[in-house]
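Understanding the architecture of this molecule
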Amino acid sequence: MAAKNVEALFAAQFFVSVLFSIAFSHATVFEAPVAVIDLDATRTSAFLIEKLNASPYISVRQVLHSPARAIELTRRDVVQGGIYLPPGLQAAMLRGDHSVRIGYLADDSNTAQNGELYSTLNEIAASIGAEVSVSRAGGVSSLGKNTAQTQATLSPLRVSFRYLTNPTGQAATATVINFLFFFSLMYQGMTCLMLIGRLRVTRVWESQVLSGPVLALIVRIVPYSLVFTAAVGTAMAILIVFGQLRFAGNIFVFFPLLFLCALVNGMLAMLLSWRCANPGEGASFMIWLVPPGFILGGATMALGFAHDWVRALSQGVPLVRLFGFWRDIGLRGLDFNAISGSVGWFLLYFVFLAILLTIRFRMDELKRRSEVRANWRALGETGRGSQLSIDRG
């Protein structure tokens, strides 16, 4: 047992020091994905978009020339926000009679991901504004006669910021709800991790579990998932009723997905603890089940800190997917049609885990049957040998 503890310690050190240093190579968000709503469609707006995309901190993923809801563009965390270029941008900058404001509609469901983007937008606006101010006829020396014209000459382009999901900065909408999901799913996962070991210790694994269908084993995690869903739902209801939590979506869409995340978490826990001989060994796998989702799911740091391949692999962690569903439904208020792609993928992942559990269950069942046949064969040979000895006597 001591040797196993030493191996687990070295494995945890390797996981933290090596894998996380590969996954998080930078402490800032480079190439932050944004969408641009360009309602001006002029050379000036095209130049501004090129200037934005040339920045190391901004990556323009989509350009729209018609009005669109920025909150729908941020679904599934595809972009961090939308940059709005108003109509008449070029004409107003050339006339110089008033300052032009471009807007940034920020997805603040993760407060750590927009810092560099804010400063970059201000720098680019100031740079382009200085170029326009100097190149305009008369330059900065020909100040306007009124306050608006003077301001337009000195600062022809400005940036206004708006927050999409948490404009008042409530802690319950960000920190509190993230910890609620984390600790609740951790306790549910701990119970499911100890399930296989408990069945082995109580000696019902071979006598009852392997002699029945695999569905009877998977159904054992349903009560724990229902308790998890009820507990989280009650806590959320209390926060919503007392005005401490903003929920913009449909509860009849969110809570089935909450239950599905608990089921997937329990199935993944079974796969991790399949060979455990007692509940204690199963509980030791908790570090691989829920905490990675708390780190990679956007609860503690910006999603852009991780590489794209890390974000893709992290979708297999149930807590990461739960955070994603919460941001899409609870904060952004998206309906089922808007998130149907994510739900479909997660259902396929659920089926994939069920197939893996069925394969492992079938392998152990065949192994048990072969052992039973071998024991009966050995018992029969022993019986025949004893009968021969009696006859000879």
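These figures come from a predicted structure and were not determined experimentally.

**Section: the pattern of salt bridges**
Within this structure, the stated rule accounts for seven salt bridges. One salt bridge connects R275 with D364, and the closest N-O pair in it is separated by 3.3 Å. Of this pair, R275 sits in the loop between α12 (251-272) and α13 (279-283) while D364 sits in helix α17 (residues 340-392); the two residues are 89 residues apart in sequence, bridging distant segments of the chain. Overall, the relative accessible area of 52% leaves R275 in the exposed class. A relative accessible area of 7% places D364 in the buried class. R362 is paired through a salt bridge with E365; the nearest N and O atoms lie 3.2 Å apart. In this pair, R362 and E365 are both assigned in helix α17, three residues apart and thus about one turn of the helix distant. Owing to a relative accessible area of 11%, E365 belongs among the buried residues under this scheme. If you follow the salt bridges from partner to partner, you end up with D77, D107, R327, D328 and R332 in one network.

**Digging into the packing of aromatic side chains**
Scanning all chains against the criterion turns up 21 aromatic pairs. Geometrically, the ring pair formed by Y104 and F161 is edge-to-face, given 6.3 Å between the ring centres and 80 degrees between the ring planes. You can see Y104 sitting in strand β4 (residues 100-106) and its partner F161 sitting in strand β5 (residues 157-163), a full 57 residues away along the chain. Y104 sits in the buried class, given a relative accessible area of 0%. Residue classification places F161 among the partly exposed residues on the basis of a relative accessible area of 23%.

**Some words on the side chain of R327**
Tracing the backbone through its elements, the reader meets R327 in helix α16 (residues 318-331). For R327, a relative accessible area of 7% corresponds to the buried category. Separated by 2.9 Å, the side chains of R327 and D77 make a polar contact. Among the polar contacts listed, one links the side chain of R327 to the backbone oxygen of G297, at a separation of 2.9 Å. In this view, R327 contacts D77, S109, G297, G298, L303 and R332; residues no more than four positions away in its chain are not counted.

**A word on the environment of T165**
Tracing the chain through its elements places T165 in the loop between β5 and α7 (171-193). Linking T165 and F247, residues 82 residues apart in sequence, is a C-alpha distance of 9.7 Å. Residue contacts for T165: discarding those within four places in its chain leaves I71, D107, D108, S109, R246, L331 and R332. Separated by 2.6 Å, the side chains of T165 and D108 make a polar contact.

**Describing the confidence of the model for the chain**
Per-residue confidence for the chain gives a mean pLDDT of 84; residues scoring 70 or more make up 85%. Confidence, read as mean pLDDT per element, is least for helix α6 (residues 147-154) in the chain (55) and greatest for α12 (96).

**Some remarks on the packing of helix α11 (residues 222-241) against α12**
Between α11 and α12, the shortest axis-to-axis distance is 9 Å and the interhelical angle comes to 135 degrees. Classed by the angle they form, the pair α11 and α12 counts as oblique. The crossing of α11 and α12 is right-handed. From α11, V222, S225, L226, F228, T229, V232, G233 and M236 reach across to α12, where they touch F254, F255, L258, F259, A262 and L263. A class-by-class count of the residues in the contact of α11 with α12 yields 11 nonpolar, three polar and no charged.

**A look at the side chain of D77**
Locating D77 in the fold gives a position in the loop between α3 (70-73) and β3 (81-85). If sequence neighbours within four positions are ignored, D77 has contacts with D107, L303, R311, R327 and R332.

**Overview of the sheet that holds β5**
Pairing in this open sheet of five strands is mixed, and the strands run β2-β1-β3-β4-β5 from one edge to the other. Each end of this open sheet is capped by a strand with a single partner; those strands are β2 (58-64) and β5. Across this sheet, the average inter-strand angle for adjacent strands is 25 degrees, counted without regard to direction. Two elements, strand β1 (residues 32-38) and β3, share four bridges in a ladder whose sense is parallel. Looking across to β3, one finds that I37 is bridged to Y84. Sheet strands touched by helix α2 (residues 43-54): β1, β2, β3 and β4. Its angle to β2, the strand with the most contacts, is close to 145 degrees.

Parameters and conventions
- Residues numbered from 1 in each chain as written.
- Predicted model: local features only at pLDDT ≥ 70, side-chain atom pairs only at ≥ 80, totals over all residues.
- Heavy atoms only, no water.
- Salt bridge = Lys/Arg side-chain N within 4 Å of Asp/Glu carboxyl O.
- Helix = DSSP H or I, 4+ residues; strand = E, 2+ residues; numbered from the N terminus.
- Buried < 20%, exposed > 50% of the residue type's maximum accessible area, 1.4 Å probe, protein only.
- Phe/Tyr/Trp six-rings, centres within 6.5 Å; stacked < 30°, edge-to-face > 60°.
- Polar contact = N/O pair within 3.5 Å; in protein donor to acceptor, adjacent residues only side chain to side chain.
- Contact = heavy atoms within 4.5 Å.
- pLDDT = per-residue confidence, 0-100.
- Axes fitted to C-alpha atoms, helices over the stretch in contact; angles between N-to-C directions.
- Parallel < 35°, antiparallel > 145°, perpendicular 65-115°, else oblique.
- Left-handed = near helix turned anticlockwise from the far one by under 90°.
- Nonpolar A, V, L, I, M, F, W, Y, C, P; charged D, E, K, R; others polar.
- Pairing = 2+ DSSP bridges.

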